[in-house]
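A structural walkthrough
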Amino acid sequence: MGNTAEGVIKAVFSSLMFEENRASRPDIKRILNSKKVTDHHAIIPTMEIAKADLAALPETERNILSLVANRLLCATGEKHLYETVKAEFSCNGHTFAISGKSVTHNGWKSFEDAFKRSFKISGNQEEEKEEKKLPELSEGQAFDGVQTKVSEHFTSPPKHFTEDLLLSAMERAGAEDMGDDVERKGLGTPATRADIIEKLVKDGFVKREKKQIIPTEDGMKLITVLPDVVKSPKLTADWENALTLVAKGELPMEDFMEDIENMVSELIHTYHEVSDEQKKMFAQEQAALGVCPNCGGQVVKGKFGAYCVKKCGMNVSRVMGAALTDAQVKDMLAGKKILLKGLKSKAGKPYDAYIIPSGTEEYRYTKDGAERSGVQFKFVMEFPKKKPDKQLVRYL
């Protein structure tokens, strides 16, 4: 792969006419380690770039190809070297600090600068600020007649992640806690990180607002109650690396699974109870539909239908086997009649009927060998009047 990469770089120089550092020898070893090649982590040009007529490509495709080729040159270019100078000044008992840097060898930055000039891309203010060089300074040097002023500023909170920034953060997560010999770092792999974000969106823990990724209320609640060890990016990075070692046969699968089981057992033992405060955090507001006619308790809307909070056995969600809507339950509890459509007679014929509540009654029946009992609506049934057949009336 090293020879291939070197050949591609030569083809890039000859095809896209990069003049900067044409004589520089690419440092392939810095980006390629044969001992650690398990996945593709980059998009690079192929040798086809030397055969193709690039002038015939649409401008947008040629620009993308130039961007990919330029990034390859930056990755393999010579080191960018600079000197950083930090100085401290004392004035009336106050200490002020300033820093600046001067470039001693531009290296790979030459390719980046050439690309920015070609596409008229300007650097951001932070980059321009960092590039400033300090004047010659010496210890004990004094300055007279310096213009000074006091200004007030307000700090800004950290900006929300965009999808690109979040993917980049996932790639670097936990890297500072892991040694250089670790093959796989970060959360997920290049192929799965985008899917992880999609799953968080689908499950309602984060949401997209324009270009930003914003945590939802449920997402923030979940992070609040999770143990620190589960939230640590290093844990996931350790697992990813261990799985790679298992795939290579360098770590027995049984050892990996045993570590997982031990960790889960310890978590269950340590966090076997959830506090009442944490339970309330996830309690959802329940819409009240009325008063239970059996016990006087509140009837609320539940995940599987309406129910009495006192659990007195009152069945408020069904009449004659038909499931009631929230609006119908509300009307029945208020003593109003409702229209049920599509009821079935004993002969299997469908019909509609008005149901008028008239109290409650107990029920009892046996199903699958088990006896079931409870309380249900007692009601009077009325049938809608049939409209006369217009064709028949006209005939008579």
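To keep things clear, this report deals only with the structure shown in the data block.

Remarks on the overall build of the protein chain
Secondary structure summary: the protein chain contains 13 helices and 14 strands in total. Split into buried and exposed, the 396 residues of the protein chain put 24% on the buried side. Residue pairs at least 24 apart in sequence account for 50% of intrachain contacts in the protein chain once pairs closer than 6 positions are excluded. Surface exposure of the protein chain reaches about 30,100 Å², of which carbon and sulfur atoms provide 53%.

Describing the pattern of salt bridges
Under the defined criterion, the tally for this structure stands at 11 salt bridges. Between Arg208 and Glu163 there is a salt bridge, with the nearest N and O atoms lying 3.2 Å from each other. With Arg208 in strand E4 (residues 206–209) and Glu163 in helix H5 (residues 163–172), the pair connects residues that are 45 residues apart, well separated along the chain. You can call Arg208 partly exposed: its relative accessible area is 36%. A residue is classified by how much of its surface remains accessible, and Glu163, at 24% relative accessible area, is partly exposed. With a shortest N-O distance of 3.5 Å, Lys231 and Asp228 are connected by a salt bridge. Residue Lys231 and its partner Asp228 are located together in helix H8 (residues 228–231), separated by three residues, close to a single helical turn. Since its relative accessible area comes to 33%, Lys231 is described here as partly exposed.

A closer look at the sheet that holds strand E3 (residues 161–162)
Strand order in the open sheet formed by three strands is E3-E5-E4, and the pairing between neighbours is antiparallel. Looking along the sheet, the strands with just one partner apiece sit at the ends: E3 and E4. As paired elements, E3 and strand E5 (residues 212–215) share two bridges and run antiparallel to each other. Bridged to Thr162 within E5 is Gln212.

As for the layout of surface pockets
Space inside the second largest pocket adds up to approximately 1,000 Å³. Surrounding the second largest pocket, 29 residues form its lining, Leu187, Ile196, Leu200, Ile223 and Lys231 being those nearest its centre. At the level of elements, H5, helix H6 (193–202), E5, helix H7 (217–225), H8 and helix H9 (233–248) are the ones that each hand at least two residues to the lining of the second largest pocket. Counting residues per element, the lining of the second largest pocket draws most heavily on H9, at five residues. Residues belonging to the lining of the second largest pocket are distributed by class as follows: 22 nonpolar, five polar and two charged.

Considerations on the packing of aromatic side chains
Scanning the entire structure with this criterion turns up four aromatic pairs. Judged by centre distance (6.0 Å) and plane angle (20°), the rings of Tyr363 and Tyr365 are stacked. You can call Tyr365 partly exposed: its relative accessible area is 39%. Here Lys101 stacks its cationic end above the ring of Tyr82, 4.1 Å away from the centre of that ring.

Some thoughts on the sheet that holds strand E6 (residues 288–291)
Two pairing modes exist for strands in a sheet, parallel and antiparallel, and in both the strands are linked by backbone hydrogen bonds. As summarised here, the arrangement of the three strands in space is E6-E7-E8, forming an open sheet in which the pairing is antiparallel. Every other strand in the sheet has two partners, leaving E6 and strand E8 (305–308) as the edge strands with one partner each. Averaged over neighbouring strand pairs, the angle between their axes works out to 30° when direction is ignored. Note: strand E7 (residues 298–302) against E8, four bridges, orientation antiparallel. Looking at the pairing, Val299 lines up with Cys308 of E8. Docked against the sheet, helix H12 (residues 326–333) engages E6, E7 and E8, running at close to 20° with respect to E6.

Some points on the pairing of E6
Pairing analysis gives three bridges linking E6 to E7, with the strands arranged antiparallel. Looking at E7, one finds that Gly290 is bridged to Val299. Linkage of E6 to E7, two consecutive antiparallel strands, is achieved through a turn of six residues, within which Gly296 is found at a positive phi near 85°.

Examining a negative patch on the surface
Taken together, the side chains of Glu254, Asp255, Glu258, Asp259 and Glu261 define an acidic patch exposed on the protein surface. Looking at where Glu261 falls in the secondary structure, it is placed in helix H10 (residues 253–270).

Some details on the pairing of E4
As judged from the four bridges shared by E4 and E5, these two strands associate in the antiparallel manner. Among the inter-strand pairings, Lys207 is bridged to a residue of E5, identified as Ile214. The turn joining E4 and E5, which pair antiparallel and follow one another in sequence, is formed by two residues; a positive phi near 60° is taken by Lys210.

Criteria and cut-off values
Residues numbered from 1 in each chain as written. Predicted model: local features only at pLDDT ≥ 70, side-chain atom pairs only at ≥ 80, totals over all residues. Heavy atoms only, no water. Helix = DSSP H or I, 4+ residues; strand = E, 2+ residues; numbered from the N terminus. Buried < 20%, exposed > 50% of the residue type's maximum accessible area, 1.4 Å probe, protein only. Contact = heavy atoms within 4.5 Å. Areas by Shrake-Rupley, 256 points an atom, 1.4 Å probe, with all protein chains shown as cover. Salt bridge = Lys/Arg side-chain N within 4 Å of Asp/Glu carboxyl O. Pairing = 2+ DSSP bridges. 1 Å grid on protein atoms, 1.4 Å probe; cavity = no way out; pocket = protein on both sides within 12 Å on 5 of 7 lines; lining within 4 Å. Points joined across faces, edges and corners; volume = space filled by probe spheres on them. Nonpolar A, V, L, I, M, F, W, Y, C, P; charged D, E, K, R; others polar. Phe/Tyr/Trp six-rings, centres within 6.5 Å; stacked < 30°, edge-to-face > 60°. Lys NZ or Arg CZ within 6 Å of the ring centre and 35° of its normal. Axes fitted to C-alpha atoms, helices over the stretch in contact; angles between N-to-C directions. Patch = residues over 30% accessible without salt bridge, like charges linked within 9 Å, V, L, I, M, F, W, Y side chains within 5 Å. Lys, Arg positive; Asp, Glu negative; His and termini not counted. Charge placed at Lys NZ, Arg CZ, Asp CG, Glu CD.

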